[in-house]
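Fold and geometry: a report
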Amino acid sequence: MAQTTKLISIVLALLLCAVSSFSPGRSIHAVGISSRAIFRPTSLFAKEGVSSPEELKSFVASAGSNLLVVDVRNPDADKEPGDQKSLAVAPLPSDDTRPQGIHLVYDRETESMVLPDVEKDTPIITHCGGGGRGQKAKDYLAANGFTNVLNGGGPKETECWAEFGDK
């Protein structure tokens, strides 16, 4: 009985944290549930700023053929050794794979990247391996006047990647 009471207390504490952190339309990653109308499991490890799978699905659908996916991973293992794992799972964009994607490295040292040669209102999804540099790239693009940008995370965010990874 004492173990059941303790378990109930833990569950209630987690629910209280979820409710106190509730923000419509955003995922509550710290406790592993989404704040959408229908609660669903989500990644416990999602990076701050990574859009939800639902946001990405809607964004991709509305963008259609105008969508641009900006892959900011760095294939240079000396500069970004962590990218090697995600590059093995998801290759860089090319004419044969990911036709709506381009490869523009986000450089941590300079905190910058080459800007895409598109209109400033082009629907853009940035991504790296898991979302950290994808967010930095999104912020950099926004600071340079791009107005329609989401951070898609990357191959590590499998639910998100399923919405745009083949684009």
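See above for the structure.
Reading guide: rules and limits
Residues numbered from 1 in each chain as written. Predicted model: local features only at pLDDT ≥ 70, side-chain atom pairs only at ≥ 80, totals over all residues. Heavy atoms only, no water. Buried < 20%, exposed > 50% of the residue type's maximum accessible area, 1.4 Å probe, protein only. Helix = DSSP H or I, 4+ residues; strand = E, 2+ residues; numbered from the N terminus. Arc of directions from axis to C-beta. Contact = heavy atoms within 4.5 Å. Core = buried A, V, L, I, M, F, W, Y, C linked by side-chain atoms within 4.5 Å. Pairing = 2+ DSSP bridges. Axes fitted to C-alpha atoms, helices over the stretch in contact; angles between N-to-C directions. Salt bridge = Lys/Arg side-chain N within 4 Å of Asp/Glu carboxyl O.

1. Thoughts on helix 2 (residues 53-63)
Of the positions making up helix 2, those classed as buried are Pro53, Leu56, Phe59, Val60 and Ala63. For helix 2, the angular spread of the buried residues around the axis is 125 degrees, confining them to a single face. Exposed side chains of helix 2 directed beyond 90 degrees from the buried face belong to Lys57, Ala61 and Ser62. Contact partners of the buried residues in helix 2: strand 5 (124-127), strand 6 (149-151) and helix 5 (158-164). Backbone geometry just downstream of helix 2 places Gly64 in the positive-phi region, at approximately 55 degrees.

2. Concerning the nonpolar core
Taken as a class, soluble globular proteins show a tendency for nonpolar side chains to be buried jointly. Leu56, Phe59, Val60, Leu67, Ile125 and Phe164 are the most contacted members of the largest nonpolar core, which totals 13 residues. With four residues, the single largest contributor to this core is helix 2. Judged by nonpolar contacts, the second largest core, of twelve residues, contains Leu68, Tyr106, Cys128 and Ala137.

3. Comments concerning the sheet that holds strand 3 (residues 68-71)
In spatial order, the strands read 4-3-5-6; together these four strands make up an open sheet with parallel pairing. In this open sheet, the two strands that pair with only one neighbour each are strand 4 (101-103) and strand 6. The average angle at which neighbouring strand axes cross in this sheet is 25 degrees, direction not considered. Pairing of strand 3 with strand 5 involves four bridges; the strand directions are parallel. Along strand 5, the bridge assignment pairs Asp71 with His127. In the packing of helix 2 onto the sheet, contacts are made with strand 5 and strand 6, and the angle to strand 5 comes to roughly 135 degrees.

4. A closer look at unusual backbone geometry
Although it is not a glycine, Arg98 sits at a positive phi angle of roughly 55 degrees. Backbone geometry at Glu111 places phi at a positive 50 degrees, although glycine is not the residue there. Along the polypeptide, Glu111 turns up in the loop between strand 4 and strand 5.

5. Considering the pattern of salt bridges
Scanning all chains against the criterion turns up six salt bridges. In this structure, the salt-bridge partner of Glu80 is Arg133, at a minimum N-O distance of 3.9 Å. In this pair, Glu80 is assigned in the loop between strand 3 and helix 3 (83-89) and Arg133 in helix 4 (residues 132-143), connecting sequence segments 53 residues apart. A relative accessible area of 9% means that Glu80 is categorised as buried. A relative accessible area of 4% means that Arg133 is categorised as buried. Linking Asp83 and Arg133 is a salt bridge whose minimum nitrogen-to-oxygen distance equals 2.5 Å. On the criterion of sequence distance, the pair formed by Asp83 in helix 3 and Arg133 in helix 4 is long-range, its members being 50 residues apart. By relative accessible area, Asp83 is classed as buried at 2%.

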